[in-house]
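# Summary of the model geometry
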Amino acid sequence: MTNPLYEALLGQHEGKDTAFLHLPGGATLTHADFIARADRFANALTARGIAPGDRLAVQLTKSADALALYAGCIKAGIVFLPLNTAYTASELDYFISNSGAALFVCDPASEAALTPAAAAQGISVMTLGTAGEGSLAAAADAAGPRFAPVPRGPDDLAALLYTSGTTGRSKGAMLTQENLLSNARALLDCWRFTADDVLLHALPIFHAHGLFVATNLTLLAGGAMIFLPKFDVEAVLAELPKATSMMGVPTFYTRLLDEPRFTRDLVRHMRLFISGSAPLLAETHARFEERTGHRILERYGMTETSMNTSNPYEGARRAGTVGFPLPGVEIRVADGEKALPAGEIGTVEVRGPNVFKGYWQMPEKTAEEMRADGFFITGDLGLIDEDGYLHIVGRGKDLVISGGYNIYPKEVELLLDEQPGVLESAVIGAPHPDFGESVVAILVPEAGAAIDLDAVRAAVGEKLARFKQPRHYAVIDALPRNTMGKVQKNILRERYKHVFAG
Ligand code: MCA
Ligand code: AMP
């Protein structure tokens, strides 16, 4: 038995001095360097008793070492559990306890603040800095540079990624070796990545987009990445001339278009621009083509499924659509158990080797979202047109996507409802010029009470990651409800749709 994910992504590059990561400041890490670092992490973790199947919870600023830690986990059969760097200690508390992580790795600067949360769960903390500092970095430096890959089967877990839920509780999506590998192979086929590609990587590496779509695909192809710490428009403009391809959320593309130095000449040599994680406005697509001559290739995915559909590499890339199912993936648009014909709107369902194994220790939640015939219910609303293109036309689930980050209103509402003077609340998304959507909170005071919005903001700031925090508050007498008593969020969305305009 081998370790197929390791073999495909990394094993094929063992000993090769081909470029893999171009880092800020000019250094380049070869595939061999990267694998040696991954091996050291695998040795260091194994020496601490972290075993195959154990979860490693990681909240780290993006760096080559953070990525090598992921690679080390694949090699050692350790389940990688990356966490958004914006999460607060109280959010982390849940992920650490729910996952039963064996170890928590964070930035040296966060160690003091986060150790109590980990200690409360009885797990220890190691640190890994962006400049080679920290206790895990030191352990890796001292560890051996060779590690034999731990045998893994296709159904073994490679990663656990938390995604929020409509009830306000996050669920850990269990992703297997086969989920990740089959998806990387399908994308390689679709998007024609090769060893000559240099991908401009400005995404975070704690989500499927930056970690799996971008990194796994580049590793499988044997290409290189310009590995930027974050999306900084100056750095992106400076590095684009050296890239062949770029992946981003729509905010990346609108920010580039706001920049007059982003010109046709600057990107004349580029092979491909890809967008996903949130809807790309048809208007952005058109402006991008007008400015650069490139048609952005939009694709559609989810944490639970990795990528599902993509516009074609060759053939028409249609604005406002997410294209066709990837090879090996089936998509249907359904109303309950019934598949709908072309042109009709229903829930998008997906089946294939990309679909996750289930939610971590939540079989009932998994069962709720899986059909008996193996189709996963995405919660997105869509239609398939006469030419077979999938259009995402809305969401059946109550979800806000801000700059590519998901916010489940329920989680924010539960916290708002606890605040002094608040009787109830409704959280919605409103169009935002930079983030696509942003969060609006509508509060109803208890009879005779006044709500102290500064106190509410402070309480929310302490508990929730910045991107989940409402950027606009309104206090009203009563929430609009239908005859069943359900809050009519569509009315609120209409009423507050201009709060971020201008
Ligand atoms: C940062 N802030 C945000 C966001 N990001 N607020 C709302 N939404 C956000 N997405 C906060 C900061 O904390 C800061 O708060 C303020 O907004 C302004 O920060 P700024 O410097 O402008 O932001 P930034 O650091 O430039 O980040 C914006 C970003 C980033 C570049 C769009 O959010 C990003 O890289 N997003 C990509 C997310 C992603 O990879 N999603 C994939 C998940 P203050 O100033 O008040 O302190 S979905 C996925 O993986 C599925 C499978 C898929 O289909 O891809
Ligand atoms: P996540 O849970 O972070 O993986 O987010 C997945 C969700 O992002 C999907 O269910 C969609 O609602 C949304 N999404 C991803 N890509 C696109 C896209 N190209 N167009 C519209 N929505 C998208």
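Residues numbered from 1 in each chain as written. Chains lettered and ligands numbered in written order. Predicted model: local features only at pLDDT ≥ 70, side-chain atom pairs only at ≥ 80, totals over all residues. Heavy atoms only, no water.

This paragraph deals with the site of ligand 1. Taken together, 25 residues lie around ligand 1, and R255, S277, R299, S402 and R466 are the ones closest in. One nitrogen or oxygen atom from the main chain of A208 is found 3.4 Å from an oxygen atom belonging to ligand 1. Notes on ligand 1: free accessible area 1,000 Å², of which the protein chains cover 76%. Listed by contribution, the elements that provide at least two residues to the shell around ligand 1 are α8 (208-221), α10 (250-257) and β13 (297-302). Split by residue class, the shell around ligand 1 holds 11 nonpolar, nine polar and five charged. (Near = heavy atom within 4 Å. Polar contact = N/O pair within 3.5 Å; in protein donor to acceptor, adjacent residues only side chain to side chain. Areas by Shrake-Rupley, 256 points an atom, 1.4 Å probe, with all protein chains shown as cover. Helix = DSSP H or I, 4+ residues; strand = E, 2+ residues; numbered from the N terminus. Nonpolar A, V, L, I, M, F, W, Y, C, P; charged D, E, K, R; others polar.)

As a structural note, the neighbourhood of ligand 2 is formed by 15 residues, with R299, T303, D380, K397 and N406 the closest of them. Within the backbone of R299, an N or O atom sits 2.7 Å from a nitrogen atom of ligand 2. Here an oxygen atom of ligand 2 and a side-chain polar atom of N406 are 2.9 Å apart. Protein burial of ligand 2: of its 500 Å² of free accessible surface, 92% is covered by the chains. Ranked by residues supplied to the shell around ligand 2, first place goes to β13 with five residues. Of the residues contributing to the shell around ligand 2, the split by class is six nonpolar, four polar and five charged.

This part takes up the sheet that holds strand β25 (residues 436-445). With respect to topology, three strands assemble into an open sheet ordered β24-β25-β26, the strand pairing being mixed. Every other strand in the sheet has two partners, leaving β24 (422-432) and β26 (472-475) as the edge strands with one partner each. Each strand of the sheet is rotated relative to its neighbour by a mean of 25°, with strand direction disregarded. Bridge count for β25 against β26 is four bridges, and the pairing is parallel. Bridging across to β26, A441 finds its partner in Y473. The sheet strands contacting helix α13 (residues 409-417) are β24, β25 and β26, and the helix crosses β24 at an angle near 145°. Where helix α14 (residues 453-463) meets the sheet, it contacts β25 and β26, and its direction lies at approximately 135° from that of β26. (Pairing = 2+ DSSP bridges. Axes fitted to C-alpha atoms, helices over the stretch in contact; angles between N-to-C directions. Contact = heavy atoms within 4.5 Å.)

A few words on the packing of aromatic side chains. This model, assessed by the stated rule, comprises 17 aromatic pairs. Where F20 meets F34, the ring centres are 4.8 Å apart and the plane angle is 65°; that geometry is what we call edge-to-face. With F20 in strand β1 (residues 19-22) and F34 in helix α2 (residues 31-47), this pair connects stretches of sequence that are 14 residues apart. Ring centres 6.4 Å apart and planes at 80° place the aromatic pair Y94 and Y162 in the edge-to-face group. With Y94 in helix α4 (residues 89-99) and Y162 in strand β7 (residues 157-163), this residue pair connects regions lying 68 residues apart in the sequence. You can call Y162 buried: its relative accessible area is 9%. Aromatic rings pair up to connect Y87, Y94, F95 and Y162 into one cluster. Over the face of the ring belonging to F227 we find K62, whose NZ or CZ atom lies 4.7 Å from the ring centre. The positively charged end of R317 is found above the aromatic ring belonging to Y313, 5.6 Å away from the centroid. (Phe/Tyr/Trp six-rings, centres within 6.5 Å; stacked < 30°, edge-to-face > 60°. Buried < 20%, exposed > 50% of the residue type's maximum accessible area, 1.4 Å probe, protein only. Lys NZ or Arg CZ within 6 Å of the ring centre and 35° of its normal.)

This is a description of form; function is not addressed.
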